[in-house]
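Chain by chain, the residues run as shown.
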Amino acid sequence: MKITPITIFFFLCSMAAVFNIITRFRRNLTGLRSAVTWIIVWLLISLGAIFPWMVDGISRIGMMKDRMLFILVVANFVLFALLFNLTFRVERLQRNLTRTIQDLALANIQIDSSSEG
Amino acid sequence: MIMEKVIVVIAAFNEEKNLPGVLEKISPDYAVIVVDDGSTDKTALVARNFGAWVMPIACNIGQGAALVAGFRAALKGDWDVIVEIDGDGQHDPTEIPLFLNKFRESNADVVVGSRILGSNYKEAPFLRKTMLPLYTWFIGWISGYRITDAMCGFRAFRVQSIRQVDHILLDMIEPQYLAAELFLRFSSEGLKVLEVPIHLRERSSGKSYKGLFRYGIGILIAIFKTILDKRRRKEARR
């Protein structure tokens with residue numbers, strides 16, 4: 001195992017992120033599913049940084065010779081999938097919020113077609 | 001002549017200067033709801049002074065969503081026709097009888113105003129003259145309606161028809177650019193849409209919040225979202 005500055009950097013970043021997620025979970029700021037998912041992601045990143053041969057092995061399975069290229073492709077894919085998921089979630093939230101605001105406004109108005117406003 | 005019970009719905013966001021010019025031209029025979037879309041000026045006060053119902057929205061949710069709120073409120077009463085006009089003075093409320101006549105002489109479910117069929121369209125700015133037919137063609141192509149102006153916010157709805165498909169209002173997803181989504185949803189429900197020529201007017205005061213290009217992009221996104229939403233709903237029903 002060869003320790004390089006970039007390995008230490010990735011490992012420290014991953015540990016900081018894991019610590020952050022655990023703190024958020026303990027403060028009830030994030031759910032269990034999200035916390036576990038992100039902890040796994042960050043642990044995988046730190047594993048990849050400490051044991052690059054593992055990444056090499058996986059990248060060979062993925063028909064990619066260059067480890068960095070493999071990491072970039074996977075990272076891009078994960079980011080794109082997350083963005084896609086978040087976009088739809090935000091949109092759904094926006095719709096629900098708009099509907100709630102409309103319902104509130106409707107509840108506060110008394111309309112009677114036999115009289116004027 | 002049959003007198004329909006008409007309610008006019010206006011969505012207004014900071015339109016205290018333009019609203020009096022619109023409200024004073026609306027016939028006293030019609031009821032008016034002004035949906036105050038989170039204005040920070042005296043829009044609500046101005047509307048109340050003219051005897052309109054004011055439907056205050058807690059925050060700015062967009063013209064489309066505000067109008068939908070107004071339509072839902074209007075459907076609570078027993079009106080025959082809901083008319084939608086802009087609060088910025090671009091539509092002439094004295095042209096409302098044209099819409100009512102169209103309902104009387106046809107079995108249309110929705111009547112939309114067409115600025116292109118109006119006599120003063122030649123005076124329109126170049127950009128609008130170029131972009132409006134383009135957007136209209138696209139919306140017409142997707143929805144299957146043969147229309148000349150899909151973007152006009154001067155529309156009238158036969159309440160009886162809208163009541164039968166009132167889920168449309170709850171399904172609406174586009175908070176800002178209502179036109180494209182409305183046509184797509186009307187088309188999927190098989191509603192009959194006809195046009196009447198109306199006159200083109202400029203805003204009495206202030207500047208529009210939506211530019212023509214921004215409008216175009218918004219419409220494309222709205223169409224995309226509506227199509228996705230319709231597919232998702234179809235799949236959910238299966």
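Scroll up for the structure.
Description of the structure in this document.

With respect to the overall build of chain A
Scanning chain A from N- to C-terminus turns up four helices and zero strands. Going from the N terminus to the C terminus, chain A shows its helices and strands as α-α-α-α. For a compact globule of 117 residues, the expected C-alpha radius of gyration is about 13 Å, and chain A comes in at 24 Å, more than 25% above that figure. Dimensions of chain A, computed from the C-alpha atoms along their principal axes, are close to 85 × 35 × 20 Å.

Side note on helix H4 (residues 67–107) of chain A
Spanning 41 residues, H4 of chain A covers 59 Å between terminal C-alpha atoms, matching the ideal 60 Å at 1.5 Å per step. Taking burial as the measure, the 41 residues of H4 of chain A include four buried ones, a minor fraction of the element. Buried residues of H4 of chain A: Phe-70, Thr-98, Gln-102 and Ala-105 of chain A, and no others. Summarising the contacts, the buried residues of H4 of chain A are in contact with helix H3 (52–61) of chain A together with strand S3 (53–57) and helix H3 (63–74) of chain B.

Some details on H3 of chain B
All names here are of chain B. End to end, H3 covers 16 Å across 12 residues, agreeing with the expected 16 Å (1.5 Å per residue, within 8%). Among the 12 residues that make up H3, 11 are buried, leaving the element largely enclosed by the rest of the structure. Those residues of H3 that sit buried are Gln-63, Gly-64, Ala-65, Ala-66, Leu-67, Val-68, Ala-69, Gly-70, Phe-71, Ala-73 and Ala-74.

Section: the interface of chain B and chain A
On the chain A side, the residues contacting the 23 residues of chain B number 13 residues. Elements with a minimum of two residues in the side of chain B that touches chain A: strand S2 (31–37), S3 and H3 of chain B. Considering each element in turn, the side of chain B that touches chain A owes the most residues, five residues, to H3 of chain B. When the residues that make up the side of chain B that touches chain A are grouped by side-chain class, the tally is 17 nonpolar, two polar and four charged.

Thresholds applied
Residues numbered from 1 in each chain as written. Chains lettered and ligands numbered in written order. Predicted model: local features only at pLDDT ≥ 70, side-chain atom pairs only at ≥ 80, totals over all residues. Helix = DSSP H or I, 4+ residues; strand = E, 2+ residues; numbered from the N terminus. Rg over C-alpha atoms; globule rule 2.2 N^0.38 Å. Expected span 1.5 Å × (residues − 1). Buried ≥ 20, exposed ≤ 12 C-beta atoms within 10 Å, placed from the backbone. Contact = placed C-beta atoms within 7 Å. Nonpolar A, V, L, I, M, F, W, Y, C, P; charged D, E, K, R; others polar.

Read these as layout, nothing more, since geometry by itself doesn't imply function.
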